Amino acid sequence: MLLDVTAWRAGGEEQLGTKPKQWLRDPADRLWLWKAATWNLSPLGEYRKGDDWAERVVTEIARSLDIPVATTELAERDGVFGTVSLSVLDPESERLVHGNELLAEIDVIGSDPHDRTGYTLEAVRRSLDGVAGSTAGSTAFVSIAGYLIVDAVVGNTDRHQENWAVIESSTGERQLAPSFDHASSLGFLLDDAARSAMLRTSDRNQTPEAWARRAHTRFEGRDHPVQIAAVAIDMIGPDVAGAYLEALEQLDLHGIVARVPELRISEPAREFAVRVAEANRARILSHPTRTMGQ
C-alpha cells in the first residue's frame, strides 16, 4: 500500500531517535508516526537511503512469520518519500515503557543507546520477567526471541535499548509491544554503486553475503544478529523455537522484496537485499537447528 499523507493533520512530535519524525492523524483520527526517508553523500553525489523500503520489507517478513509488528506502510508527504507506522497504543489508557526503562528497573546500566554495558539477552529476559508476550499465551521473552530472529534475517543492527518496549495499561498490567523500528536493515544505507560492485564481484570477501557477515548488534559484545538470535533460540528451548524456524524455512523472501514498487527501490537494492536475507536465513537455520530435538 502507498499512502499520500500530505493532508493528514499533525498529531504531535516524536522525541526519540535522530530521524525526522512526526505524529500524524489520518482521516479516521488514528495516530501514525511519519518518518521521512533520509539522505547520504557519496563520491557521486547525494542519494536517498533505503530506510523507507527496508522498514516496509521487514514488516512483511515479520507478518509472514506470524510475529507481531507495528503496521507500517510506504508513504509520501509533500513530495517526500517515507513511511507511516500506526500507533500500538490506546492513548487514553496505555503508555509505552521502553527497554532502557525496564533495564533500569533491574539496575542494569544502559539508558544511553550507545552504552552497551550490561545490555545482554539475560538482562532483557530478567527485565521482562512476568510480562505477557505480544502473542496470546506466550511470555514476553519468547515473543522477543521472534523479533530477534527477524533482526537476524534482515541484519538489523539497531535493536538498542529504546527499540523495544512493553505496553503498560492504566492498571499497571504489561504486555510486550509489537516489534518496531527496523529500518537499519538489508543494506539500506548503501548507494547503488556500492551494491552493484558487490553483486558483480568475484572476490568472495566483497560479496553481499560477506557484507552480511560483518553486521554487529547493539548488545554488549557487539555480536552478529544471527549469533544473538541463536542464543535467544537456545534460551527459549527447541520446542518453542521450532515453530519460528519452521516458518522461517517457508519464508518467501524474494516475493516479499519483489512487491516493493519500482519507484521506491532500485534493482541493485532489491537483489542485494534478497541475497543478504537469504544468507542470514541460511546461517540461522544451519546453526540453531543443530540443537533441535536434543
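Up top you'll find the structure we're talking about.
How each quantity is defined
Residues numbered from 1 in each chain as written. Predicted model: local features only at pLDDT ≥ 70, side-chain atom pairs only at ≥ 80, totals over all residues. Heavy atoms only, no water. Helix = DSSP H or I, 4+ residues; strand = E, 2+ residues; numbered from the N terminus. Expected span 1.5 Å × (residues − 1). Buried < 20%, exposed > 50% of the residue type's maximum accessible area, 1.4 Å probe, protein only. Salt bridge = Lys/Arg side-chain N within 4 Å of Asp/Glu carboxyl O. Axes fitted to C-alpha atoms, helices over the stretch in contact; angles between N-to-C directions. Parallel < 35°, antiparallel > 145°, perpendicular 65-115°, else oblique. Left-handed = near helix turned anticlockwise from the far one by under 90°. Contact = heavy atoms within 4.5 Å. Nonpolar A, V, L, I, M, F, W, Y, C, P; charged D, E, K, R; others polar.

Taking 1.5 Å of rise per residue, 15 residues should cover 21 Å, and helix 4 (residues 140–154) covers 22 Å from first to last C-alpha, within 8% of that figure. In terms of burial, helix 4 is largely enclosed, as 15 of its 15 residues are buried.

On to the pattern of salt bridges, then. Side chains that differ in charge, positive against negative, can pair when their charged atoms come close. Taken as a whole and judged by the stated rule, the model has 19 salt bridges. The partner of Arg264 in a salt bridge is Asp52, with the nearest N and O atoms 3.0 Å apart. Here the residue Arg264 occupies a position in the loop between helix 9 (253–258) and helix 10 (267–286), and Asp52 occupies one in helix 1 (residues 51–64), the gap between them amounting to 212 residues. Overall, the relative accessible area of 5% leaves Arg264 in the buried class.

Moving on, we get to the packing of helix 4 against helix 7 (residues 225–236). Axis separation between helix 4 and helix 7 bottoms out at 8 Å; the angle between their running directions is 155°. On the basis of their axis angle, the class for helix 4 and helix 7 is roughly antiparallel. For helix 4 against helix 7, the interelement crossing comes out left-handed. Listed contacts from helix 7 to Phe141, Val142, Ala145, Leu148, Ile149, Asp151 and Ala152 of helix 4 are Pro225, Val226, Ile228, Ala229, Ala232, Ile233, Met235 and Ile236. Of the residues contributing to the contact of helix 4 with helix 7, the split by class is 14 nonpolar, no polar and one charged.

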